[in-house]
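# A structural walkthrough
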Amino acid sequence: MNNVHYVQWVQDIAKAHWQSKASIDIQSRYSWFLLSHFIEYKSAAFLNDTINIKTYIDKAEGVTYTRIVEMYNATTDKLLAKSETKWCFINAKTERPSRIPQEIVDLFN
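In short, a report on the structure. Think of each chain on its own: its residues are numbered from 1, step by step along the sequence as written. Per-residue local features are limited, in this predicted model, to residues with pLDDT of at least 70; the limit for side-chain atom pairs, both in listing and counting, is 80 or more; totals at the level of whole chains, interfaces and linings are taken over all residues. Hydrogens and water molecules were not included; the side-chain quantities draw on all heavy atoms of the structure.

Relative to the assigned elements, leucine 80 resides in strand S4 (residues 79-91). Remark: exposure states derive from per-residue accessible area (1.4 Å probe, protein chains only) relative to the maximum for the residue type, with buried under 20%, exposed over 50%, and partly exposed in between. Overall, leucine 80 belongs to the buried group, its relative accessible area being 1%. Taking the C-alpha atoms as reference points, leucine 80 and asparagine 91, separated by eleven residues in sequence, lie 34 Å from one another. Ignoring anything within four residues of it in the chain, the contact list for leucine 80 reads Tyr6, Glu40, Tyr41, Lys42, Ser43, Ala44, Ala45, Ile51, Met71, Tyr72 and Asn73. In DSSP terms, a helix is any run of H or I states spanning at least four residues, a strand is any run of E spanning at least two, and both are numbered starting from the N terminus. Here a residue-residue contact requires only that any non-hydrogen atoms of the pair lie within 4.5 Å.

Here it is as structure tokens:
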């Protein structure tokens, strides 16, 4: 697989995780802006491999969340890649960074 696929998977799982936890109302009031992204490639994935992707929030600080994404080969359970992304929480109305409210923190604990 091309590295672009891994980056796309990181973005896709982050979006899916947010949408699965946050109500439509919350999603309309807030969004996220990517501040930094680090990905470490451990092993190759190949066409027709089944990939398991795990994501979780590592820490929340002020206006930022650090999200971890791990990708595993579903057959061998071998770690293929691990990423760490730092996201800034944005108030959709003001389009400015906003301290992450407790209701959002609680969604991911």
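This brings us to the side chain of threonine 64. Among the structural elements, threonine 64 can be located in strand S3 (residues 64-73). Taking relative accessible area as the criterion, threonine 64 reaches 11% and is therefore assigned buried. Excluding residues that lie within four positions of it along the chain, threonine 64 makes contacts with Leu35, Lys59, Lys86, Trp87, Cys88 and Ile100.

Looking now at unusual backbone geometry. Trans peptide bonds make up the majority, and among non-glycine residues the majority have a negative phi. Despite not being glycine, asparagine 48 shows a phi value in the positive range, around 80 degrees. As for its placement among the helices and strands, asparagine 48 is situated in the loop between strand S1 (30-41) and strand S2 (51-61). A residue is classified by how much of its surface remains accessible, and asparagine 48, at 71% relative accessible area, is exposed. Despite not being glycine, glutamate 95 shows a phi value in the positive range, around 60 degrees. Within the element layout of this structure, glutamate 95 appears in the loop between S4 and strand S5 (96-97). Look at glutamate 95 and you get exposed, because its relative accessible area is 64%.

Moving on to the nonpolar core. In this structure, Trp18, Ala22, Ile26, Tyr30, Ile57, Tyr65, Phe89, Ile100, Ile104, Val105 and Phe108 together form the largest nonpolar core, which totals eleven residues. In contact with phenylalanine 89, not counting residues within four places along its chain, are Trp18, Tyr30, Ser31, Trp32, Val63, Arg96, Pro97, Ser98, Arg99, Ile100, Pro101 and Ile104. Judged by nonpolar contacts, the second largest core, of nine residues, contains Val10, Ala45, Leu80 and Ala81. In these notes, a set of buried Ala, Val, Leu, Ile, Met, Phe, Trp, Tyr and Cys residues joined through side-chain atoms within 4.5 Å is what counts as a nonpolar core.

Let's shift gears to helix H1 (residues 3-21). A rise of 1.5 Å per residue sets the reference length of H1, with its 19 residues, at 27 Å; its end C-alpha atoms lie 28 Å apart and thus fit the reference within 8%. Those residues of H1 that fall on the buried side of the exposure criterion are Tyr6, Val10, Ala14, His17 and Trp18. In a view along the axis of H1, the buried residues occupy a sector of 105 degrees, so they form one face of it. Facing away from the buried side of H1 by more than 90 degrees, the exposed set consists of Val4, Lys15 and Ser20. Each residue after the first adds 1.5 Å to the expected span of a helix. Directions drawn from the helix axis to the C-beta atoms are what define this arc.

Time to look at the pattern of salt bridges. Oppositely charged side chains can form a pair if their charged atoms are brought close together. A carboxyl oxygen of Asp or Glu within 4 Å of a side-chain nitrogen of Lys or Arg is what we treat as a salt bridge. Inspection of the entire model under this criterion finds five salt bridges. The salt bridge partner of arginine 29 is aspartate 25, with a shortest N-O separation of 3.2 Å. Of this pair, arginine 29 and aspartate 25 both sit in helix H2 (residues 24-29), separated by four residues, roughly a single helical turn. Given a relative accessible area of 31%, arginine 29 falls into the partly exposed group. The class for aspartate 25 is partly exposed, based on a relative accessible area of 45%. Notably, a salt bridge pairs lysine 82 with glutamate 70, separated by 3.9 Å at the nearest N-O pair. Here lysine 82, found in strand S4, pairs with glutamate 70, found in strand S3; they are twelve residues apart in sequence, far enough to count as distant.

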